[in-house]
Amino acid sequence: MRGDRIIEAARQIGAEAIHPGYGFLSERDVFARAVRDAGLIFVGPPPEAIAAMGSKTAARQLALGAGVPVVPGTTESVRDEREAREVAERFGYPILLKAAAGGGGKGMRIVRDAESLASSLDSARREAKNAFGDDAVYVEKYIVGPRHVEIQVLGDQHGTMLSLNERECSVQRRHQKMIEEAPSVAVTPELRRRMGETAVRAASAVGYVNAGTCEFLLDRSGNFYFLEMNTRLQVEHPVTELVTGIDLVQWQLRVAAGERLSLLQSEIVPRGWAIECRITSEDTTNGFLPSTGRVSYLHLPSGPGIRWDGGIETGSEVALHYDPMLAKLIVWAPTRDAAIARMHRALNELVIEGVETSRDFHLRVMEDEEFRRGEIDIQWLERRLPSLLTPDSSTARFRLAAIAAALAAKHDRSTPTTDGVARVPASSGDSRESWKRTARREGLR
């Protein structure tokens, strides 16, 4: 968060540009402007575009001006409880209070009735002030049971703006995404075209350049509403890369260097299916409490269609000072069913010892029948959480099989032969490989 130190480090090593990643500084127009003023290239949109989309109320106004549909709500922050109550009565309960400068679910409260409005407004303002230094809150109509579908856009400095299609991000807990996939089971080719055109229109309205994401709510009738624009690279960008074959980070750098996009909109069609699981240092069986410690052992999954974007290795210390995300596990396969099966296998192969992680939670989601059918929305995980946190018979069966196979292998290794030397019978093969194969077979059931 010390932008001045980053700029100074860039000067010392003779860097030409700064890529801000997808942390907080990536959406700070002040930092982008400071990079530019220092004679360096900011790998992202112009600071003016960041500022325009940085305020959710300003973004709503720009979207409306560009003919982009938005969720019914206010285009300015509410001044006090009386004004919030008038807006709520106009739209009807439930409503959603949202921090104007917010993101990541901070400063957000669902208000289901008039009695809880005052306390919800106070708590939303306090959280917004603590998180963003700004207590401004605005009001939206709360849409029941929508999907969270976002459109990746990419623009160059020569006026070309493209849609790289959608990502489904509905599996969320407390407004934080946990699993993302591309494409979405709910988006038809025609809907994909219309949402893509809308996202391009919204981005073009602020002179956007580089990679960005327009977030939408998609209701059960196929209506979609603009929420906000993330003026940076998204954590879930790998699923878009895998289904489009487009390296987003490479293109961020090429666009920042002044290159023209060589892609055509007609060429950008989803091929296959990609799923991403965020592997976090949280104890999911204990209210998702943070888990800290030292990674004593790390074994990564392998095989075709598997990608690991990790920030840990054996020996890494996991502390409380940073975001709990340790890594992203991403898979690609020709179909959604195959991608789910591949993710299930990859999660079974992933071993992280020393800290609690979300691995087992993701395994249970991959086994959930509603998720497998694609019957999800942004409230789905909250409804299903109690059952997902209770190990089911298939998970228990897999663990028992793995333990039994390991014990059998240990017995084989310790069985003495006629000469008194313990060795594995030649016909059995490597016992260590034997129990691995047994465990993998159970995991693929």
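If you're wondering where the values come from, they're calculated on a predicted model, not measured in any experiment.

Chemist: How should I be thinking about the nonpolar core in this particular structure?
Modeler: Generally speaking, nonpolar side chains in soluble globular proteins are found buried as a group. Ranked by internal contacts, the top residues of the largest apolar core, which has 37 residues, are Ile179, Ile275, Ile352, Met366 and Phe371. Ignoring any residue separated from it by four or fewer positions in sequence, one finds Phe371 in contact with Val171, Ile179, Glu181, Arg336, Ile340, Val365, Met366, Ile376 and Trp380. In this structure, Ala63, Val187, Ala199 and Phe216 belong to the second largest nonpolar core, which totals 26 residues.

Chemist: Help me understand the pairing of strand S11 (residues 273-280), please; the structure alone is not making it clear to me.
Modeler: For a regular strand, side-chain orientation follows a simple rule: the groups alternate between the two sheet faces. Counted residue by residue, S11 has eight buried out of eight residues, so it is predominantly covered. Both faces of S11 are covered, namely the face carrying Trp273, Ile275, Cys277 and Ile279 and the face carrying Ala274, Glu276, Arg278 and Thr280. When strand S8 (residues 176-182) meets S11, the two strands line up antiparallel, connected through four bridges. When the bridges of S11 are listed, Glu181 appears paired with Ile275. Taken together, the eight bridges between S11 and strand S18 (residues 325-333) define a ladder with antiparallel strand orientation. Bridge pairing in S18 links Ile275 to Val331.

Chemist: Looking at this structure, I do not really get helix H7 (residues 189-204). What am I missing?
Modeler: Between its first and last C-alpha, H7 extends 22 Å over 16 residues, near the 22 Å set by a 1.5 Å rise per residue. If you check which residues of H7 are buried, you get Leu191, Arg192, Met195, Gly196, Thr198, Ala199, Val200, Ala202 and Ala203. Packing partners of the buried residues in H7 comprise helix H3 (47-54), strand S6 (147-155), strand S7 (161-173), strand S9 (210-218) and strand S10 (224-230).

Chemist: Explain the pattern of salt bridges to me, please; I cannot follow it from the model alone.
Modeler: Oppositely charged side chains may form a pair once their charged atoms are brought near each other. Under the counting rule described, the total for this entry stands at 33 salt bridges. One salt bridge connects Asp368 with Arg384, and the closest N-O pair in it is separated by 2.3 Å. Of this pair, Asp368 sits in the loop between helix H11 (359-367) and helix H12 (369-373) while Arg384 sits in helix H13 (residues 380-388), placing them 16 residues apart in sequence. Looking at Asp368, the relative accessible area reads 5%, which means it is buried. Through salt bridges that share partners, Glu150, Arg167, Lys177, Glu180, Glu215, Glu236 and Arg278 make up one connected network.

Chemist: So what exactly am I meant to see when it comes to the packing of aromatic side chains here?
Modeler: To describe a pair of aromatic rings, one takes the distance between the centres and the angle between the planes. In the structure shown here, the tally under the stated rule is five aromatic pairs. The interplanar angle of 80° and the centroid separation of 6.1 Å between the aromatic rings of Phe31 and Phe42 together place this pair among those described as edge-to-face. Pair noted here: Phe31 is in helix H2 (residues 29-37) and Phe42 is in strand S2 (residues 41-42), with a separation of eleven residues, a long-range link. Neither residue differs from the other here; Phe31 and Phe42 are each classed as buried.

Chemist: For this particular structure, what's the right way to read the confidence of the model for the protein chain?
Modeler: Any residue range with low pLDDT should be treated as having predicted coordinates unsuitable for detailed reading. For the protein chain, mean pLDDT is 90; residues scoring 70 or higher make up 88% of the total. Scored below 50 in pLDDT, residues 421-429 makes 13 contacts in the model with residues more than four places away or belonging to other chains.

Chemist: In this structure, what is going on with the packing of helix H10 (residues 336-349) against H11? I would like to understand it.
Modeler: Helix-helix packing is characterised by the crossing angle of the two axes and by the distance between the axes. One can describe the packing of H10 onto H11 by two numbers: an axis separation of 9 Å at closest approach and a directional angle of 155°. Between H10 and H11, the angle falls in the class roughly antiparallel. Here H10 runs over H11; the crossing is left-handed. Between H10 and H11, the contacting residues are Ile340, Met343, His344, Leu347 and Asn348 on the first element and Arg359, His362, Leu363, Met366 and Glu367 on the second. Across the contact of H10 with H11, the residue classes tally to five nonpolar, three polar and two charged.

Chemist: Would you mind going over helix H8 (residues 237-244) with me for this structure?
Modeler: For an α-helix, the turn length of 3.6 residues means that residues three or four places apart are oriented alike. Within H8, seven of the eight residues are buried, leaving the element largely enclosed by the surrounding structure. Along H8, the positions that sit buried rather than exposed are His237, Pro238, Val239, Thr240, Glu241, Val243 and Thr244. Phi for Gly245, located one or two positions after H8, is positive at around 75°.

Criteria and thresholds
Residues numbered from 1 in each chain as written. Predicted model: local features only at pLDDT ≥ 70, side-chain atom pairs only at ≥ 80, totals over all residues. Heavy atoms only, no water. Core = buried A, V, L, I, M, F, W, Y, C linked by side-chain atoms within 4.5 Å. Buried < 20%, exposed > 50% of the residue type's maximum accessible area, 1.4 Å probe, protein only. Contact = heavy atoms within 4.5 Å. Helix = DSSP H or I, 4+ residues; strand = E, 2+ residues; numbered from the N terminus. Pairing = 2+ DSSP bridges. Expected span 1.5 Å × (residues − 1). Salt bridge = Lys/Arg side-chain N within 4 Å of Asp/Glu carboxyl O. Phe/Tyr/Trp six-rings, centres within 6.5 Å; stacked < 30°, edge-to-face > 60°. pLDDT = per-residue confidence, 0-100. Axes fitted to C-alpha atoms, helices over the stretch in contact; angles between N-to-C directions. Parallel < 35°, antiparallel > 145°, perpendicular 65-115°, else oblique. Left-handed = near helix turned anticlockwise from the far one by under 90°. Nonpolar A, V, L, I, M, F, W, Y, C, P; charged D, E, K, R; others polar.

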